[in-house]
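Structural features, examined
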Amino acid sequence: MHSSFQLAKKYLQYYLSASNSKGHGMHSPFVFQFILHVLNNHSGYQPPIKIENLRRQLLTDNRLLEIEDLGAGSRVASSKKRTVRQLAKAALKPKKYAQLLYRLVNYYAPETILELGTSLGVTTSYLSAANPSAKIFTIEGSKAVAAIARENFEKLSLKNIELIQGSFDEHLTSAIHQLSSIDLAYIDGNHRYEPTMRYFHQLLPHLHNYSILIFDDIHWSEEMERAWEEIKGHTSVRYTIDVFFLGFVFFRQEFKVKQHFCIRF
Ligand SMILES: C[S@@+](CC[C@H](N)C(=O)[O-])C[C@H]1O[C@@H](n2cnc3c(N)ncnc32)[C@H](O)[C@@H]1O
């Protein structure tokens, strides 16, 4: 994993070299629409306020959980016991990015969604609320954390989420088969080269022309940067969009020329 200093340096490089966040000078109509409706909210989508209210509650929740860390760990603490509050602070996607996922689902309306890495269920809740008719599978390795996520889905009355408790390695194949075809997958756990590439290759045969993959923390470590470069280079991949903390992958064959976009967000 990169040090905080290295990461800040990389972020600054990204920020200075990325394309304009308003879409000025963007030649791809698809990416222009992505900037307009997903990165910026020109469609006026309003996510339900109750999800951020829940996050606020989690940030003051002192319940102590026993965590089995199956992934690459967190950059904040590595102890086996954490409070809900610590997790809410360290492991969850901030509001800005979680609401970006909400807009993406609103705009592209995927019907089958797979999330690797539920944690307390905040991003899952956004994915779910953005399209209540979608079928969502989310996988979380830690039993105690999954129990809190379940509790949160109940509190928010979200009905379209199937939470699988267990390791990605153990449950990914069956989740993919149950969904049969994947419209959207969000990979937000086990941020290392080998598993990331393995999940990518496992997902590939179940994707279609309009599928979207989202990889989290693509610049978090050298391993993740290597995985991201390899994904970008894969023959099936047409467009990628890098907003530093998230990487979006598109497979539309009508995009004749492979292109990679780095956009300020
Ligand atoms: C960054 S958190 C997910 C955050 C969540 N998507 C959000 O922003 O609301 C990653 C989660 O993935 C889980 N995880 C990591 N590696 C895993 C694995 N191999 N199998 C199952 N769960 C795993 C961790 O327990 C952790 O809760």
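The model shown is predicted, which means the values in this text are computed figures rather than measured ones. (Residues numbered from 1 in each chain as written. Predicted model: local features only at pLDDT ≥ 70, side-chain atom pairs only at ≥ 80, totals over all residues.)

**Section: the overall build of the protein**
Test applied: Helix and strand assignments come from DSSP, with helices taken as H or I runs of at least 4 residues and strands as E runs of at least 2, each series counted from the N terminus. Computation of the radius of gyration draws on C-alpha atoms, with the globule rule given as 2.2 Å multiplied by the number of residues to the power 0.38. Throughout, a pair of residues is in contact if the C-beta atoms placed from their backbones lie within 7 Å.
A tally of regular secondary structure across the protein gives 10 helices and 10 strands. Scaling as 2.2 N^0.38, a compact globule of 265 residues should have a C-alpha radius of gyration of about 18 Å, and the protein matches this with 18 Å. Across its three principal axes, the protein shows a C-alpha extent of roughly 50 × 40 × 35 Å. In the protein, of all internal contacts separated by at least 6 residues, the share reaching a separation of at least 24 is 67%.

**Some thoughts on unusual backbone geometry**
Note the cut-off: Exposed residues have 12 or fewer other C-beta atoms within 10 Å of their own C-beta, buried residues have 20 or more, and partly exposed residues fall in between, where C-beta atoms are placed from the backbone.
Despite not being glycine, Ala-109 shows a phi value in the positive range, around 50°. Mapped onto the elements, Ala-109 comes out in the loop between α5 (95-108) and β3 (112-116). A tally of 14 C-beta atoms within 10 Å means that Ala-109 is categorised as partly exposed.

**Notes on the confidence of the model for the protein**
What counts, and what does not: The predictor reports its confidence for every residue as pLDDT, a score running from 0 up to 100.
For the protein, the average pLDDT comes to 93, and 96% of its residues sit at 70 or higher. Long-range and interchain partners of residues 73-77, a stretch whose pLDDT sits below 50, account for 8 contacts in this model, where long-range means more than four residues apart.

**Points about the nonpolar core**
The nonpolar side chains of soluble globular proteins are, as a tendency, buried together. Our working definition: Buried Ala, Val, Leu, Ile, Met, Phe, Trp, Tyr and Cys residues whose C-beta atoms connect them within 7 Å together make up a nonpolar core.
Membership of the largest hydrophobic core comes to 66 residues, with the highest contact counts inside it found for Leu-101, Leu-120, Tyr-126 and Ile-214. With 6 residues, α5 is the single largest residue contributor to this core. Residue contacts for Leu-101: discarding those within four places in its chain leaves Thr-123, Tyr-126, Leu-127 and Tyr-186.

**Looking at the packing of helix α9 (residues 193-203) against helix α10 (residues 222-233)**
We apply this condition: Fitting a line to C-alpha atoms yields each axis, with helices limited to the stretch in contact; the angle taken between N-to-C directions then spans 0 to 180 degrees. Angles are sorted into four bins: roughly parallel if under 35 degrees, roughly antiparallel if over 145, roughly perpendicular if 65 to 115, and oblique for all others. Put simply, a crossing is left-handed when the front helix is turned counterclockwise from the back one by less than a right angle, and right-handed when it is turned clockwise. Gly falls in the polar group here, along with every residue not listed as nonpolar (Ala, Val, Leu, Ile, Met, Phe, Trp, Tyr, Cys, Pro) or charged (Asp, Glu, Lys, Arg).
In contact at an axis separation of 8 Å, α9 and α10 are set at 25° when each is read in the N-to-C sense. Here α9 is positioned roughly parallel relative to α10, judged by the angle of their axes. In this structure, α9 crosses over α10, and the sense of that crossing is right-handed. Of the residues in α10, those in contact with Tyr-193, Thr-196, Met-197 and Phe-200 of α9 are Glu-223, Met-224, Arg-226, Ala-227, Glu-230 and Ile-231. Residues that form the contact of α9 with α10 fall into these classes: 6 nonpolar, 1 polar and 3 charged.

**Let's talk about the pairing of strand β7 (residues 212-216)**
For clarity, the cut-off: Between any two strands, pairing holds if DSSP finds at least two bridges. Place the viewer so that the strands point away; then a crossover is right-handed whenever the path from the first strand over the helix to the second strand goes clockwise.
Buried residues dominate β7, accounting for 5 of its 5 residues. Residue alternation in β7 divides its side chains into two sets, Ile-212, Ile-214 and Asp-216 and Leu-213 and Phe-215, and both sets are buried. Taken together, the 4 bridges between strand β6 (residues 184-187) and β7 define a ladder with parallel strand orientation. Bridging across to β7, Ala-185 finds its partner in Leu-213. After leaving β6, the chain enters α9 and then returns to the sheet as β7, a path that is right-handed.

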